[in-house]
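Reading the structure
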Amino acid sequence: MKYIENSELIINGDGSVFHLHLKPEQLADLIVLCGDPARVSMIAGYFETTECDISNREFHSITGTCNGKRITVVSHGIGCDNIDIVVNELDALANIDFETRTVRPVFRQLTMVRIGTSGGLQPFTPIGTYVAAEKSIGFDGVVYFYRDNEKIRDIVLENELIRRLDWKITGIRPYAVSADVSLMEQIAKDDMIRGITIAANGFYGPQGRELRLTLTDAELNRKIEIFNFENRRITNFEMESSALTGLATMMGHRAVTVCCIIAGRVNKNMKTDYNHILPALIEKVLDRI
């Protein structure tokens, strides 16, 4: 049985996992993820009871009950690098015995729904739209560090992307992954757009924003907007869905990202005060998870 060394899985003196500061018994099977630590309190405001409220850096976690279901809400900060931390530590809490530092013999599956904000790339994804990422395209590269990643990637979609976008960014190959089918049905139902979401590895250049620096491919966003795969369009930009979906799938967990569109990249408009349009999405997720 594999023993996991102290340097590989770091456990704090109080028995909690290194970054999240959660202990195994504090984690629910149902998990809602969000980027902003302050949004954790907003989501947990719907809870009937609260077991724990823990913060460390950008990671804020609250476990409690909502609609009779035990749920943990966790903030992950910004970017796929943070998702690598959060998903690995959540899986460790569920499936590694912290006393023996060995993998538990019985697998515990987690259900993870990320509630995010996003920039719409199509006329049918205006500000206020809810988009569920049926497929995620990663510009980040996180899954490539894990063996057998090709088993969970949509290679056909990847090849079509590279060909039709005339991919010019050397050193990065976009990868494509699909959300858990049953969880997509459970969360998106018939009132969310099911789209192809790009998880960019930055907010400015990787999403086609040009300030003082010139972009390698100034036409990339235009090519993304007209891309069509099996009658599906690329609907939105965000920064975490690909690593979340990819890692969760490789580990055997269920995951999906749902986003509220707060920026229209085609129409060049933006809504910075969006807290009044998020509650309805939060309520849907908490009701359906």
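These lines cover the structure that appears in this document, whether it is placed above or below. Per chain, residue numbering runs from 1 following the sequence as it is written. Totals for whole chains, interfaces and linings use all residues, but because this is a predicted model, local features are given only for residues with pLDDT of at least 70 and pairs of side-chain atoms are given and counted only at 80 or more. Remark: hydrogens and water are excluded; side-chain values derive from all non-hydrogen atoms of the structure.

**A look at a nonpolar patch on the surface**
A cluster of nonpolar side chains, F203, Y204 and L211, forms an exposed patch at the surface whose accessible area comes to about 330 Å². Relative to the elements of secondary structure, L211 occurs in the loop between β10 (193–199) and α5 (220–226). A patch consists of residues whose relative accessible area exceeds 30% and which take part in no salt bridge; residues with like charges are grouped when within 9 Å of each other, and nonpolar side chains (Val, Leu, Ile, Met, Phe, Trp, Tyr) when within 5 Å. Here, Shrake-Rupley sampling with a 1.4 Å probe gives the accessible areas, and only protein chains in the shown set may cover a residue. By definition here, a salt bridge exists when the distance from a side-chain nitrogen of Lys or Arg to a carboxyl oxygen of Asp or Glu is within 4 Å. Helix numbering and strand numbering both begin at the N terminus, where a helix is a DSSP run of H or I of at least 4 residues and a strand a DSSP run of E of at least 2.

**Some details on the pairing of strand β2 (residues 49–56)**
Only when DSSP finds a minimum of two bridges between them are two strands counted as paired. For β2 and strand β3 (residues 59–66), the ladder comprises 7 bridges, and the chain directions are antiparallel. From the neighbouring strand, N56 faces β3, where its bridge partner is F59. Where β2 hands over to β3, the hairpin turn is made up of 2 residues, of which R57 adopts a positive phi near 55°.

**Thoughts on the pairing of strand β4 (residues 69–75)**
Burial classes: relative accessible area under 20% of the type maximum marks a residue as buried, over 50% as exposed, and values in between as partly exposed (1.4 Å probe, protein chains only). Across the 7 residues of β4, 6 count as buried, placing the element largely inside the fold. As judged from the 5 bridges shared by strand β1 (residues 30–34) and β4, these two strands associate in the parallel manner. In the strand pairing of β4, L30 is matched with I71. Alignment of β3 against β4, held across 6 bridges, turns out to be antiparallel. Within β4, the position partnered with T65 by the bridge is R70.

**Looking at the pattern of salt bridges**
Tallied over the full model, the rule gives 18 salt bridges. The salt bridge partner of D191 is R288, with a shortest N-O separation of 2.7 Å. In this pair, D191 sits in the loop between α4 (181–188) and β10 while R288 sits in helix α7 (residues 279–288), placing the two residues 97 residues apart along the sequence. Residue class for D191 comes out partly exposed when judged on its relative accessible area of 34%. Shared partners join several salt bridges into a network, and the residues in it are R114, E238 and E240.

**With respect to the packing of aromatic side chains**
Paired rings are identified among Phe, Tyr and Trp, the last through its six-membered ring, by centres lying within 6.5 Å, and are further divided according to the angle between planes into stacked (under 30 degrees), edge-to-face (over 60) and tilted (the rest). Applying the stated rule across the entire model yields 3 aromatic pairs. Each ring is checked for a lysine NZ or an arginine CZ that lies within 6 Å of its centre and within 35 degrees of its normal; such an atom marks a charge sitting over the ring. A cation sits over an aromatic face here: R209 above F203, 3.9 Å from the ring centre.

**Description of the environment of Q186**
Tracing the backbone shows Q186 in helix α4. You can call Q186 partly exposed: its relative accessible area is 25%. Residues Q186 and I277 lie 91 residues apart in sequence; the distance between their C-alpha atoms is 21 Å. The contact criterion used throughout is that any non-hydrogen atoms of two residues lie within 4.5 Å. Not counting chain neighbours up to four residues away, the residues in contact with Q186 comprise R254, R288 and I289.

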